[in-house]
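Chain residues, written in single-letter form:
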Amino acid sequence: MNIFLLFLLSSLSPFKVTSAQARTNPFTPKSSLNRYWDNHISNNLPKPNFLFSKASPLDRVNSAILTQLAAHNSLSAHFASFCSLANLYCSFDSPSAQTHQQDLVARHFKDANFAAYSNKNFANYGSSQLGSGDSFKNYSDGLNSPYDSFKKYSNDANSHSEKFTFYAHEANVANASFTSYGADSAGGSGEFTSYDDQVNVPNLRFAAYDSDANNHRLSFIGYSHDTNSGSETFVSYGKTGNANPTEFSSYAEDANIIGSGFTGYGESGTGQNDSFKGYGQSANNPHNNFKSYGGGGTSGIDGFSNYRSGANVGDDSFQSYARNSNSGKLSFSNYGKSFNPGNDSFKEYGTGSKGRTSVGFKSYGLGRSFKEYAKNGVTFAEYSSLSKEGTEATKAESSGSLVNKWVEPGKFFRESMLKQGNVVVMPDIRDKMPERSFLPRSILSKLPFSTPGMSELREIFHARDNSAMEHVLTNALAECERAPSPGETKRCVGSIEDMIDFATSVLGHNVVVRTTENVSGSKQKVMIGMVSGINGGNVTKSVSCHQTLYPYLLYYCHSVPKVRVYEADIVDVESKSKINHGVAICHIDTSSWSPGHGAFLALGSSPGKIEVCHWIFENDMTWAIAD
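Residues numbered from 1 in each chain as written. Predicted model: local features only at pLDDT ≥ 70, side-chain atom pairs only at ≥ 80, totals over all residues. Heavy atoms only, no water.

**Focus: the overall build of the protein**
Alright, step 1. Helices and strands together make up the secondary structure of the protein, namely 12 helices and 31 strands.
Alright, step 2. Residue burial in the protein is summarised as follows: out of 627 residues, 54% are buried.
Alright, step 3. Of all intrachain contacts in the protein linking residues separated by at least 6 positions in sequence, the fraction that spans at least 24 positions is 76%.
Alright, step 4. When the accessible surface of the protein is summed, it comes to about 25,800 Å², and 50% of that surface belongs to carbon and sulfur atoms. (Helix = DSSP H or I, 4+ residues; strand = E, 2+ residues; numbered from the N terminus. Buried < 20%, exposed > 50% of the residue type's maximum accessible area, 1.4 Å probe, protein only. Contact = heavy atoms within 4.5 Å. Areas by Shrake-Rupley, 256 points an atom, 1.4 Å probe, with all protein chains shown as cover.)

Okay, structure coming up:
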């Protein structure tokens, strides 16, 4: 390392300069951004405070240090300072054991009721308990990135109950680990009422869950409902258990690109009774993987009542399902009647089973194929073919039931609704992403941002295998590297300078960027006040930018041709007072949209036949040519 860099490192300071100091110093990233704006935006309209507030807070010294570290591939060695000084969000995974040592409950044997509890690690909780129970209400509720761990929970207990009411509700990135849960227990029950509901990136692990237990009832009600782009893993669930009823009432319903892994589920169990009601229902592009499900079991009952009903595409795999089982009963009711068919793979389903093992499918969905399916006496009822009539009937049936599941009320609306005096439902426009800042271009330009550079990214951001950080990185790259839709121009930007470049390349240099003023009116009925159309209300083009979850502030920006952009006062229905100033965009040409787009489910039409409008949510933005 050269002498200059050593000098800079010796000056590395954890303190941030004030905004006043940043403005007065001409060498800070914010000062540089001001000059860049003046040189690239041709009008003299006021600078957008909401955008400039997201600029890097680095002072000139720390900016120079981090730039040199990035140039020498040395940021990883100064990860904590990099995240802190640049205002990044790097806490997607659990801190070190040392950090949370004060939260570690080594042994807990008394019954307890926790009303509001968060970020705790239990090493040996409730072991050998006799009767009674433990209750967790509002556990890690509403936190940004909860880290929860239960090791040896309720082991060898007898008639002991465990209850979680709101577990990690509305978290951004949820990390939860249950290891050796209920092992060797007898009787009792475990109940999760609302587990990881409305989480952005769930990273959940259940290892050795209910192994060798005897008649220990488990219930998941509302598991990972309405989550976005995460993963859940169940390893050795109910292995060698005896008469353990397990019920998932609503598993990953309305989820978006969720990945679930069940390995060794109910393996070698006796009299197991596993039930999934509403599994992956109304989900978007689910990826579920069942390996060795019910293998070697005796007299087990496995039931999927509504498996992926109404889902949009996806990719599911059942490998070695009920292999070598004895006198089991396998049932799929309403299997995979998806809105748009996905890919399903069944291998070794019922292979080697003995006794009176029965397998049945009712209302079996579109276009599935079974390979190596060796069991005789299988019942397929109401099998749907790939005919046009069958496809349209399935879509018609699905669309009516999905409007209120896939699509939040008010998320999409027609242009005619933007009239003064109309009462409408405002969707939840709140930004639920963690607070972060853009990087200066001097640093950003030296960091990789591509799938081939993933190994370097993993090193920089300390992303372990199968960690939440790894999921965040890969999800962002997948979205940013996705091929553009027909007529779309897109770019992911991690600096305001890059965003300016993209917007001006599409619209020219006389541009204005807008966003909705605040979040007042979210999730309630509001009245439309005064409405004005941008560029005289004429059809124009715009650049819309939406946040993507990443350690630094990252936006997915894309050109949107043939739109009308509106500004509208949002008025309280009762008091008639102005509570917000909203920005809405109406897409006039929807001909290239997917038939399964939520807008058509909500509004009851199809591509190219109607325009579709939506609000610009908090911290999202739209660029347009200045009036």
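**Things to note about the state of the cysteines**
Formally, a disulfide is one covalent bond, and it connects the sulfur atom of one cysteine to the sulfur atom of another.
Alright, step 1. Inspection of every chain in the model, using the stated rule, returns four disulfides.
Alright, step 2. One disulfide in the model links Cys83 with Cys90; its S-S distance is 2.1 Å. The chirality of the disulfide connecting Cys83 with Cys90 is left-handed, given an S-S dihedral of about -90 degrees.
Alright, step 3. Across a sulfur-sulfur distance of 1.9 Å, Cys480 and Cys492 are joined as a disulfide pair. Taking the sign of the S-S torsion, about -90 degrees here, the bridge from Cys480 to Cys492 comes out left-handed. On the criterion of sequence distance, the pair formed by Cys480 in helix H10 (residues 468-481) and Cys492 in strand S24 (residues 490-493) is long-range, its members being 12 residues apart.
Alright, step 4. Judged by its relative accessible area of 17%, Cys492 is buried.
Alright, step 5. Taken in N- to C-terminal order, the disulfide-linked cysteines of the protein are connected 1-2, 3-4, 5-6, 7-8. (Disulfide = S-S within 2.5 Å.)

**Remarks on the nonpolar core**
Alright, step 1. Grouped together as the largest cluster of nonpolar side chains are 38 residues, with contacts concentrated most on Phe82, Leu88, Leu439, Leu447, Phe461 and Tyr552.
Alright, step 2. For Leu447, the contacting residues outside a window of four places in its chain are Ala70, Leu75, Phe82, Leu439, Ile460 and Tyr552.
Alright, step 3. Phe52, Leu507, Val511 and Val543 belong to the second largest nonpolar core, which has 25 residues in total. (Core = buried A, V, L, I, M, F, W, Y, C linked by side-chain atoms within 4.5 Å.)

**So, the packing of helix H3 (residues 29-40) against helix H11 (residues 496-507)**
Each pair of packed helices can be summarised by the angle the axes make with each other and by the distance between the axes.
Alright, step 1. Contact geometry for H3 and H11: axes closest at 10 Å, N-to-C directions at 10 degrees. Between H3 and H11, the angle is such that the two are roughly parallel. Mapping the contact onto sequence places Leu33, Tyr36, Trp37 and His40 in H3 and Ile496, Glu497, Ile500, Asp501 and Thr504 in H11. (Axes fitted to C-alpha atoms, helices over the stretch in contact; angles between N-to-C directions. Parallel < 35°, antiparallel > 145°, perpendicular 65-115°, else oblique.)

**Quick word on the pattern of salt bridges**
Alright, step 1. On inspection of all chains with the given rule, the structure shows 13 salt bridges.
Alright, step 2. Its salt-bridge partner being Glu479, residue Arg482 comes within 3.9 Å of it at the nearest N-O pair.
Alright, step 3. Several salt bridges share partner residues, and in doing so they unite Arg441, Arg491, Asp498 and Asp501 into one network. (Salt bridge = Lys/Arg side-chain N within 4 Å of Asp/Glu carboxyl O.)

**Side note on H3**
Alright, step 1. End to end, H3 covers 16 Å across 12 residues, agreeing with the expected 16 Å (1.5 Å per residue, within 8%).
Alright, step 2. Considered for burial, the residues of H3 that qualify are Pro29, Ser31, Leu33, Tyr36 and Trp37. (Expected span 1.5 Å × (residues − 1).)

**Some details on the packing of aromatic side chains**
Alright, step 1. Summed over the entire model, instances satisfying the criterion amount to 10 aromatic pairs.
Alright, step 2. Measuring from centroid to centroid gives 5.1 Å for Tyr89 and Phe92, while their planes differ by 70 degrees, and the two rings are edge-to-face. Neither Tyr89 nor Phe92 differs from the other in exposure class; each is buried.
Alright, step 3. Counting every residue linked through ring pairs, the aromatic cluster contains Phe82, Phe449, Phe461, Tyr550 and Tyr552. (Phe/Tyr/Trp six-rings, centres within 6.5 Å; stacked < 30°, edge-to-face > 60°.)

**Section: the confidence of the model for the protein**
Alright, step 1. Summary statistics for the protein give a mean pLDDT of 75 and a share of 54% for residues scoring 70 or more.
Alright, step 2. Confidence drops under a pLDDT of 50 for residues 371-375, and excluding neighbours within four residues, the segment shows 17 contacts in the predicted structure.
Alright, step 3. Low pLDDT, under 50, characterises residues 381-405; the stretch is placed with 42 contacts to residues that sit more than four places away or in other chains. (pLDDT = per-residue confidence, 0-100.)

**Brief notes about the side chain of Ser495**
Alright, step 1. Tracing the sequence through the fold places Ser495 in the loop between S24 and H11.
Alright, step 2. Within the structure, the side chain of Ser495 is placed 3.1 Å from the backbone nitrogen of Asp498, a separation counted as a polar contact.
Alright, step 3. Residues contacting Ser495, with those up to four places away along its chain left out, are Phe438, Leu439, Arg441 and Leu444. (Polar contact = N/O pair within 3.5 Å; in protein donor to acceptor, adjacent residues only side chain to side chain.)

**Brief notes about H11**
Alright, step 1. The terminal C-alpha atoms of H11 lie 16 Å apart, and with 12 residues this matches the ideal 16 Å at 1.5 Å per residue to within 8%.
Alright, step 2. In terms of burial, H11 is largely enclosed, as 10 of its 12 residues are buried.
Alright, step 3. Every buried residue belonging to H11 is among Ile496, Glu497, Asp498, Met499, Ile500, Phe502, Ala503, Thr504, Val506 and Leu507, and all of these are buried.

**A few points about the pairing of strand S23 (residues 423-426)**
Alright, step 1. Burial along S23 is one-sided: Val424 and Met426 are buried, while Val423 and Val425, pointing the other way, are not.
Alright, step 2. Here four bridges tie S23 to strand S26 (residues 524-533), and the two strands are oriented antiparallel to one another. Paired with Met426 across the strands is Gln524, a residue of S26. (Pairing = 2+ DSSP bridges.)

**Re the environment of Cys613**
Alright, step 1. Turning to its location among the elements, Cys613 is positioned in strand S30 (residues 612-615).
Alright, step 2. Take Cys613: its relative accessible area is 0%, and that puts it in the buried class.
Alright, step 3. Sequence-wise, Cys613 and Leu418 are 195 residues apart; in three dimensions their C-alpha atoms are separated by 9.3 Å.
Alright, step 4. Not counting the four nearest positions on each side in its chain, Cys613 is found in contact with Lys411, Phe412, Phe413, Arg414, Glu415, Ile585 and Cys586.

**Some words on the environment of Lys54**
Alright, step 1. Secondary-structure assignment places Lys54 in the loop between helix H4 (49-52) and helix H5 (60-71).
Alright, step 2. When its relative accessible area of 9% is taken as the criterion, Lys54 is described as buried.
Alright, step 3. In this structure, the C-alpha to C-alpha distance between Lys54 and Leu553, residues 499 residues apart in sequence, is 8.0 Å.
Alright, step 4. When near neighbours in sequence (up to four residues on either side) are disregarded, Lys54 contacts Ser437, Phe438, Ile496, Leu553, Tyr555, Asn619 and Met621.
Alright, step 5. Among the polar contacts made by the side chain of Lys54, one reaches the side chain of Asn619 at a distance of 2.5 Å.

**Notes on unusual backbone geometry**
Alright, step 1. Positive phi, normally seen in glycine, also occurs at Lys562, with a value near 55 degrees.
Alright, step 2. Even without being a glycine, Lys576 presents a positive backbone phi close to 65 degrees.
Alright, step 3. Within the element layout of this structure, Lys576 appears in the loop between strand S28 (554-571) and strand S29 (578-587).

**Some words on the environment of Ser416**
Alright, step 1. By secondary structure assignment, the location of Ser416 is in the loop between helix H7 (388-406) and S23.
Alright, step 2. Placed 195 residues apart in sequence, Ser416 and Glu611 show a C-alpha to C-alpha distance of 10.0 Å.

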